[in-house]
Amino acid sequence: MGAQLRELRERIRSVGSIKKITRAQELIATSRIAKAQQSAEAARPYTRALVEALEAAADRARLDHPLIEGVGTPRRSAVLVVTSDSGFAGAYSANVIREAESLTGLLNGNGQEVRPYVVGRKGVNWFRFRSRETGGEYAGFTGKPTYADARAIADDLLEAINTPTDDGGVDEIHVVSTHFKNMVTQQVRARRLFPIVVEDVPEELQHAEIAAQRGDTGGAAAESRAGGDNHALPLYDFEPSADEVLGTLLPQYAGNLVYTTLLDAAASEWAARRRAMKSATDNAGELQESLTRQANSARQAEITQEISEIVGGADALATAGSE
Amino acid sequence: MVVAKELNVEVVAADRKVWSGSASIVIARTPDGEVGVMAGHEPVLAVLVTGPVTVRTADGGAVVAAVSGGFLSVSEDRVAVLAEQAVLAEEVDAVGVEAEIAQLQGADDEAARQWAEARLGVASHR
């Protein structure tokens, strides 16, 4: 009996310290969500101005850039998979990987080869464990991405799309990441980043098309496009030329897209972690409670037994004495 | 008599807004040379080379920033300087940048070297 009580008390203690840890993780995650959202907010002026300039340049330049035109039948695609560096975030990385796998299946079905570019240690390990070849692996920053991180990824992707397909380049760039809708809802989504479709269609149609292609209207670019719609574009002069300006803008746009995607994913990661840690904390609390009950009844049983032993002993003595 | 108008200027880096306010002239470097933009300038989109951007504010002061990977857009007296990297002169840590240049010595990274030198250049302006 005594041994059982000791064991229970030990378990209560260890559950208690686990609870403290998960509680701390939960609080950290909560503050990080806000930070990631602030970073996303700070990136917005750049996105807005960039998209405006891009629209103006695309209006006037020759549109045979590989990032805009694309090829008739794409043969190989790059898929950027954004997972997290650390665990403790519920099914965050698993959900992204599952979506990436289904996109890969879809693209393979269309006769396309898929080359994954993986962000986050969890995803990198997943691909390594299965000995799958990747185009690029990036880790160490998913909780707090910087523009330089995004730039490095975008540069690799651009290099791939600018290489002819026969020499190992890709024709399309897709991204699978998690979109932060609000504190409770984060959505895994797959979008095509490039080629962008720019056609001589009325703006609204174009948006609908882009939105449809991305399978969603919530993208940062789509939002700012919608915001910048209501005014006619000024007749810009281009220095040195429209083509060259477009050639400079597109890589910047790619960097910006990757950056906003990473920030969105970071906010989602922290939200997922907060939720996972909150339920871990709650579970630890429940476990602590039920263990405490068991310990109490064990202690009670011990006391009862001791009393009955004493009473039994006294009875025995009394019986022995009366004889 | 034409009333002197002001420019509405924004200097924006990829991850933050660096500076915004009203100004009388903005001077930046394009591949073809320096351009100065004053109120009433025609709409223009220009690629910028890594280097300084000078903004003369309405009250006569000057704001100097180093930019890299940027461009300039002007329309209706709104000037936006967009750059992947941008810092104000007073934000530059000259000692840190000098150390960076020393490290880059011999390394074959032209863009990083130019960016470091541009920052050191504006740091001497303050």
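Residues numbered from 1 in each chain as written. Chains lettered and ligands numbered in written order. Predicted model: local features only at pLDDT ≥ 70, side-chain atom pairs only at ≥ 80, totals over all residues.

(A) Region of interest: the interface of chain A and chain B. Of the residues lining the interface, 27 residues belong to chain A; the matching set on chain B comes to 24 residues. For the side of chain A that touches chain B, the secondary structure elements donating two or more residues are α1 (2–60), α4 (147–162), β6 (237–239) and α7 (242–322) of chain A. At 10 residues, α1 of chain A tops the list of elements feeding residues into the side of chain A that touches chain B. In the side of chain A that touches chain B, the residues fall into 18 nonpolar, five polar and four charged. Bridge count between β6 of chain A and strand β4 (residues 44–48) of chain B: three bridges; the pairing is parallel. Its bridge partner lying in β4 of chain B, Phe238 of chain A is registered against Leu45 of chain B. (Contact = placed C-beta atoms within 7 Å. Helix = DSSP H or I, 4+ residues; strand = E, 2+ residues; numbered from the N terminus. Nonpolar A, V, L, I, M, F, W, Y, C, P; charged D, E, K, R; others polar. Pairing = 2+ DSSP bridges.)

(B) Quick look at the domain arrangement of chain A. Residues and elements named next belong to chain A. For chain A, the assigned domains are domain 1 (2–26 + 279–313) and domain 2 (28–275). Contacts between domain 1 and domain 2 engage four residues on the former and seven residues on the latter. Counting residues per element, the side of domain 1 that touches domain 2 draws most heavily on α1, which supplies three residues. Of the residues that constitute the side of domain 1 that touches domain 2, the class distribution is one nonpolar, two polar and one charged. (Domains from an automatic or database assignment.)

(C) Examining the nonpolar core more closely. Core analysis: the biggest nonpolar cluster contains 110 residues, and Leu80 of chain A together with Ala65 and Val81 of chain B have the highest contact counts within it. Ranked by residues supplied to this core, first place goes to α7 of chain A with 19 residues. Beyond its immediate sequence surroundings of up to four residues, Ala65 of chain B is in contact with Val11, Val18, Trp19, Val53, Ala86, Val87, Leu88, Ala89 and Val122 of chain B. (Core = buried A, V, L, I, M, F, W, Y, C linked by C-beta atoms within 7 Å. Buried ≥ 20, exposed ≤ 12 C-beta atoms within 10 Å, placed from the backbone.)

(D) Region of interest: the sheet that holds strand β4 (residues 172–180) of chain A. All names here are of chain A. Spatial strand order, β3-β2-β1-β4-β5: five strands in an open sheet with mixed pairing. Every other strand in the sheet has two partners, leaving β3 (136–138) and β5 (186–194) as the edge strands with one partner each. Averaged over all pairs of adjacent strands, the angle between their axes in this sheet comes to 20°, without regard to strand direction. Of the strand pairs in this sheet, strand β2 (residues 113–119) and β3 are connected by three bridges, and their pairing is parallel. Bridge pairing links Tyr117 to Gly136 in β3. (Axes fitted to C-alpha atoms, helices over the stretch in contact; angles between N-to-C directions.)

(E) The arrangement of the domain arrangement of chain B in detail. Residue and element names in this part refer to chain B. One can read the domain layout of chain B as domain 1 (7–89) and domain 2 (92–123). Here the C-alpha centroids of domain 1 and domain 2 sit 22 Å apart. In this assembly, 10 residues from domain 1 lie in contact with eight residues from domain 2. Going through the elements one at a time, β5 (51–57), β6 (62–75) and β7 (78–88) are the ones with two or more residues in the side of domain 1 that touches domain 2. Element by element, the count of residues in the side of domain 1 that touches domain 2 is highest for β6, at four residues. Within the side of domain 1 that touches domain 2, the residues separate by chemical class into six nonpolar, four polar and no charged.

(F) How the structure looks around the pairing of strand β1 (residues 7–13) of chain B. Residues and elements named next belong to chain B. Burial runs high along β1: five of the seven residues are buried. In this structure, β1 lies alongside strand β2 (residues 16–30), joined through seven bridges in antiparallel fashion. Note on β2: the bridge partner recorded for Val12 is Lys17. As paired elements, β1 and β7 share six bridges and run parallel to each other. Paired with Val11 across the strands is Val81, a residue of β7.

(G) Main features of helix α3 (residues 121–129) of chain A. All names here are of chain A. When α3 is considered as a whole, its buried residues turn out to be Lys122, Gly123 and Trp126. End-on view of α3: buried residues confined to an arc of 95°, all on one side of the axis. Positive phi appears at Ser131, one or two residues downstream of α3, with a value of about 50°. (Arc of directions from axis to C-beta.)

(H) Quick peek at the packing of helix α1 (residues 94–104) of chain B against helix α2 (residues 110–123) of chain B. Residues and elements named next belong to chain B. The N-to-C vectors of α1 and α2 enclose an angle of 150°; their axes lie 9 Å apart at closest approach. As far as their axial angle goes, α2 and α1 are roughly antiparallel. Relative to α2, the crossing made by α1 is left-handed. Here α1 contributes Ala94, Val97, Glu98, Glu100, Ile101 and Leu104 to the contact with α2, which in turn contributes Ala112, Arg113, Ala116, Glu117, Arg119, Leu120 and Ala123. (Parallel < 35°, antiparallel > 145°, perpendicular 65-115°, else oblique. Left-handed = near helix turned anticlockwise from the far one by under 90°.)

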